[in-house]
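In case you want the letters, here they are:
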Amino acid sequence: MTRYIAITDIHGEVYKLKNLISKIEFLPDDTIVFMGDYIDRGYFSKEVIDYVIELGKRYNCVYLIGSHEYAYLHSRKKEEYYEYLFWNYGGDATVDSYGSYENIYKIHGDFLENLKFYYLTDKYLFVHAGINPNYSLEKQEEEDLVYIRWNIIKSKHKLPQKVIFGHTDLDKPYIDDDKIGIDLGCGKYPDAKLCALILDNGKEEFVFSD
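If you're wondering where the values come from, they're calculated on a predicted model, not measured in any experiment.

**Regarding the overall build of the protein**
Tallying secondary structure elements over the protein gives eight helices and 10 strands in all. Along the three orthogonal principal directions, the C-alpha set of the protein runs to about 45 × 40 × 30 Å. Residue burial in the protein is summarised as follows: out of 210 residues, 56% are buried. Sequence separation of at least 24 residues holds for 64% of the intrachain contacts in the protein that already meet a minimum separation of 6. Working note: accessible area of the protein is about 10200 Å², and carbon and sulfur atoms make up 47% of it. The average position of the 25 basic charges and that of the 36 acidic charges among the side chains of the protein differ by 3 Å.

Now the structure itself:
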């Protein structure tokens, strides 16, 4: 039976990510779902992406897009709003990590362009920010999937799957009967931990970095 291991909002904190991974005893059929925001804020965005790509050579990994990757990709198209978001929410640290703005795409453009907006299983929907509870999955806007915040927390959705999301940072994992949020502010606050959620045939286990 496949276990799903959800990790999100790493934000350049490669050492917290490596510490978190070291605490998980992986099984052959595990699937790791990285739910976006690999870059910005922390100092090691390039190293984070290098590391998650390397993990994909050893484990089955799914890579989702986060709001920061979405902003970066749209900033490349000279869209003013997303240029503002990229540079004002930690993009300078990402540029420092890669050596230049141009190097981001040269080095990891293929990875960034192929990030998925969500990953759906029989029991779970993994998505960076959440969903608009007023619409079916097929009618979701891209921006909601990567940017929505309190609507997903305050409202029940209509999907049969439990929604696993990040993006909205909280002091501890948010647990509801139809959703779980696991962003604890890694990269945003110096003492914030990175969280992994292990989903094992109905059982839910949280693992935290030091």
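**Quick word on the packing of aromatic side chains**
Applying the stated criterion across every chain yields a total of 22 aromatic pairs. Considering the side-chain rings of Y72 and F86, the 5.6 Å spacing of their centres and the 55° angle between planes classify their relative orientation as tilted. Residue Y72 is found in helix 3 (residues 67-75), and its partner F86 is found in helix 4 (residues 80-88); the two are separated by 14 residues along the sequence. Residues W87 and Y101 carry aromatic rings whose centres are separated by 5.8 Å and whose planes lie at 25° to one another, so their mutual orientation is stacked. Of this pair, W87 sits in helix 4 while Y101 sits in helix 6 (residues 101-113), and the two are 14 residues apart along the sequence. Through a chain of ring-to-ring contacts, three or more aromatic side chains come together here, namely Y70, Y81, Y82, F117 and Y147. Lying over the aromatic face of Y51, K18 brings its terminal NZ or CZ to 5.4 Å of the ring centre.

**Overview of the layout of surface pockets**
What the largest pocket holds in volume is close to 260 Å³. R41, S67, H68, R149 and H167 are the residues nearest the centre of the largest pocket, which is lined by 19 residues in total. Those elements that provide at least two residues to the lining of the largest pocket are helix 3 and helix 4. Of all the elements, helix 3 adds the most residues to the lining of the largest pocket, at three residues. Residue classes in the lining of the largest pocket are distributed as six nonpolar, five polar and eight charged.

**Observations concerning the pairing of strand 10 (residues 203-208)**
Relative to strand 10, strand 9 (residues 195-200) runs antiparallel, the two being bridged by six bridges. Bridging from a neighbouring strand, L199 pairs with E204 of strand 10. Hairpin connection between strand 9 and strand 10: a loop of two residues separates the two successive antiparallel strands, and N201 in this loop has a positive phi of roughly 50°.

**Description of the sheet that holds strand 5 (residues 124-127)**
Read from one edge to the other, the open sheet built from five strands follows the order 4-5-6-8-7, with strand pairing classed as mixed. Where the open sheet ends on each side, the last strands, each with one partner, are strand 4 (118-120) and strand 7 (174-175). With three bridges connecting them, strand 4 and strand 5 associate as antiparallel partners. Among the inter-strand pairings, Y118 is bridged to a residue of strand 5, identified as V127.

**Side note on the side chain of H11**
The topology assignment puts H11 in the loop between strand 1 (4-7) and helix 1 (14-22). Given a relative accessible area of 2%, H11 falls into the buried group. Within the local environment of H11, its side chain forms a polar contact with the backbone oxygen of I39, the two atoms lying 2.9 Å apart.

What counts, and where the lines are drawn
Residues numbered from 1 in each chain as written. Predicted model: local features only at pLDDT ≥ 70, side-chain atom pairs only at ≥ 80, totals over all residues. Heavy atoms only, no water. Helix = DSSP H or I, 4+ residues; strand = E, 2+ residues; numbered from the N terminus. Buried < 20%, exposed > 50% of the residue type's maximum accessible area, 1.4 Å probe, protein only. Contact = heavy atoms within 4.5 Å. Areas by Shrake-Rupley, 256 points an atom, 1.4 Å probe, with all protein chains shown as cover. Lys, Arg positive; Asp, Glu negative; His and termini not counted. Charge placed at Lys NZ, Arg CZ, Asp CG, Glu CD. Phe/Tyr/Trp six-rings, centres within 6.5 Å; stacked < 30°, edge-to-face > 60°. Lys NZ or Arg CZ within 6 Å of the ring centre and 35° of its normal. 1 Å grid on protein atoms, 1.4 Å probe; cavity = no way out; pocket = protein on both sides within 12 Å on 5 of 7 lines; lining within 4 Å. Points joined across faces, edges and corners; volume = space filled by probe spheres on them. Nonpolar A, V, L, I, M, F, W, Y, C, P; charged D, E, K, R; others polar. Pairing = 2+ DSSP bridges. Polar contact = N/O pair within 3.5 Å; in protein donor to acceptor, adjacent residues only side chain to side chain.

Any functional reading would require information that these geometric values do not contain.
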